[in-house]
Amino acid sequence: MASPKAVKEYLAYWFQLGKPIIIARQNKAILPRQVIMGDRYSLEFERCWDLITNPATGDCYVSGTSQTIQELLSSKWDISNCARCTMPVPILDLGLQESSDCVCNDMENWPNNKIPSPRQPINNMEKLTNIHRRLNKINR
Ligand SMILES: [Zn+2]
């Protein structure tokens, strides 16, 4: 089963490549302009996530995919890495990936190592604390 954290990460990565989320019931596509703000997700992204995971919103799916976010959060699906571009993609929990399910299928200029790869928020504070801890050990 895909954890909400993994599904959120999946969304964040594809948003960073310009893939919008489709809200089927409202016939609307949403793409936050900013996904990451320093060491955390942007408020815009968090608002979008709240909307998507609200049962009242109905089915939502990343443009070009057939699995809804609701399905991904069910026990049937998991998130793994695409064989072609290592981006997070939905796989059936049985461990099988249908090639047609690759989100990058309709992206002509992808994989592309000339543009910065999508990433997770980096927690600088955590990193600094780790360095601090290591220095303290050395000084002792
Ligand atoms: Zn791919």
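Our subject is the structure that appears above.
Residues numbered from 1 in each chain as written. Predicted model: local features only at pLDDT ≥ 70, side-chain atom pairs only at ≥ 80, totals over all residues.

Q: Can you explain the overall build of the protein? Please cite residues and give values.
A: A count of helical and extended segments in the protein gives 4 helices and 7 strands. Reading the protein from its N terminus to its C terminus gives the helix and strand order α-β-β-β-β-α-β-α-β-β-α. With the principal axes as the frame, the protein shows a C-alpha extent of 60 × 35 × 30 Å. The buried share among the 140 residues of the protein stands at 19%. A separation of at least 24 residues holds for 49% of the contacts in the protein among residues at least 6 apart in sequence. (Helix = DSSP H or I, 4+ residues; strand = E, 2+ residues; numbered from the N terminus. Buried ≥ 20, exposed ≤ 12 C-beta atoms within 10 Å, placed from the backbone. Contact = placed C-beta atoms within 7 Å.)

Q: Can you tell me about the pairing of strand β7 (residues 88-92), naming the residues and giving the values?
A: As paired elements, strand β6 (residues 77-81) and β7 share 5 bridges and run antiparallel to each other. Across the sheet, residue Asp 78 finds its bridge partner in β7, namely Ile 91. In textbook terms, the turn of a hairpin is the stretch between consecutive antiparallel strands, and for β6 and β7 this stretch comprises 6 residues, one of which, Thr 86, has a positive phi near 60 degrees. (Pairing = 2+ DSSP bridges.)

Q: Give me the lowdown on helix α2 (residues 43-53), citing residues and values where you can.
A: Taken as a whole, α2 has its buried residues at Phe 45, Cys 48 and Ile 52. For α2, the angular spread of buried residues about the axis comes to 60 degrees, placing them on one side. Structural note: α2 exposes Leu 43, Arg 47 and Asp 50 on the side pointing more than 90 degrees away from its buried face. Where the residues of α2 are buried, they touch α1 (4-16), β1 (21-23), β2 (28-30), β4 (40-41), β5 (60-62) and α3 (69-72). (Arc of directions from axis to C-beta.)

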